[in-house]
Amino acid sequence: MKESEINFKVTLDENNVPEQITWDATEKPEGGANTTKSLSISLWDHLQKNTMRMDLWTKDMPVDEMKRFYIDCIGGLAQSILTATGDEFMSNELNQICEKFVKHVETEFKQS
């Protein structure tokens, strides 16, 4: 049996706010840990029939990048729903929401 590992290391400041997030994975093509400014992990608890979420971001993560990150996450969910369930309606609805969010972020950017 093959095993694969994904590891995260979070460095916190004195107020327990993430200053740095690093990650590494056994299946990652390049060796060594990489840094990231944000992560979002969802786990399905099949016994409780609910989802546990963990969202972390460093204090220097720009707001505009955070919005883009979540748009990408929602788009990824749309693709995952289609791949896992074949439900085109749910996938298309999420993609439409992403398109609305992109327009919103573009409008914000033009106004600033």
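One can find the structure itself at the top, above this paragraph.
Here the structure is a predicted model, which means the values were calculated and not measured. (Residues numbered from 1 in each chain as written. Predicted model: local features only at pLDDT ≥ 70, side-chain atom pairs only at ≥ 80, totals over all residues. Heavy atoms only, no water.)

*Asks:* Explain the overall build of the chain to me, using residue names and the numbers behind them.
*Replies:* Regarding its fold elements, the chain presents two helices and five strands. Against the 2.2 N^0.38 benchmark of 13 Å for 112 residues, the chain shows a C-alpha radius of gyration of 17 Å, more extended than a compact globule. Principal-axis analysis of the C-alpha atoms places the extent of the chain at approximately 45 × 35 × 35 Å. Burial analysis of the chain (112 residues in total) assigns 15% to the buried set. Put simply, of all contacts in the chain between residues at least 6 apart along the chain, 28% involve residues at least 24 apart. Per element, the accessible surface of the chain, about 8900 Å² overall, is 55% carbon and sulfur. Side chains of the chain give 12 positive and 20 negative charges; the mean places of these two sets differ by 3 Å. (Helix = DSSP H or I, 4+ residues; strand = E, 2+ residues; numbered from the N terminus. Rg over C-alpha atoms; globule rule 2.2 N^0.38 Å. Buried < 20%, exposed > 50% of the residue type's maximum accessible area, 1.4 Å probe, protein only. Contact = heavy atoms within 4.5 Å. Areas by Shrake-Rupley, 256 points an atom, 1.4 Å probe, with all protein chains shown as cover. Lys, Arg positive; Asp, Glu negative; His and termini not counted. Charge placed at Lys NZ, Arg CZ, Asp CG, Glu CD.)

*Asks:* An account of the pattern of salt bridges is requested, with residue identities and associated values reported.
*Replies:* The tally for this structure, following the rule as stated, stands at seven salt bridges. Put simply, glutamate 27 and lysine 2 hold a salt bridge, and the shortest N to O gap is 3.4 Å. Of the two residues, glutamate 27 sits in the loop between strand 2 (18-25) and strand 3 (34-36) while lysine 2 sits in the segment before strand 1 (6-12), which places them 25 residues apart along the sequence. Aspartate 24 serves as the salt-bridge partner of lysine 28, at 3.3 Å between the closest nitrogen and oxygen. Classification of lysine 28 by relative accessible area gives buried; the value is 11%. Of the residues examined, aspartate 24 reaches a relative accessible area of 26% and is grouped as partly exposed. (Salt bridge = Lys/Arg side-chain N within 4 Å of Asp/Glu carboxyl O.)

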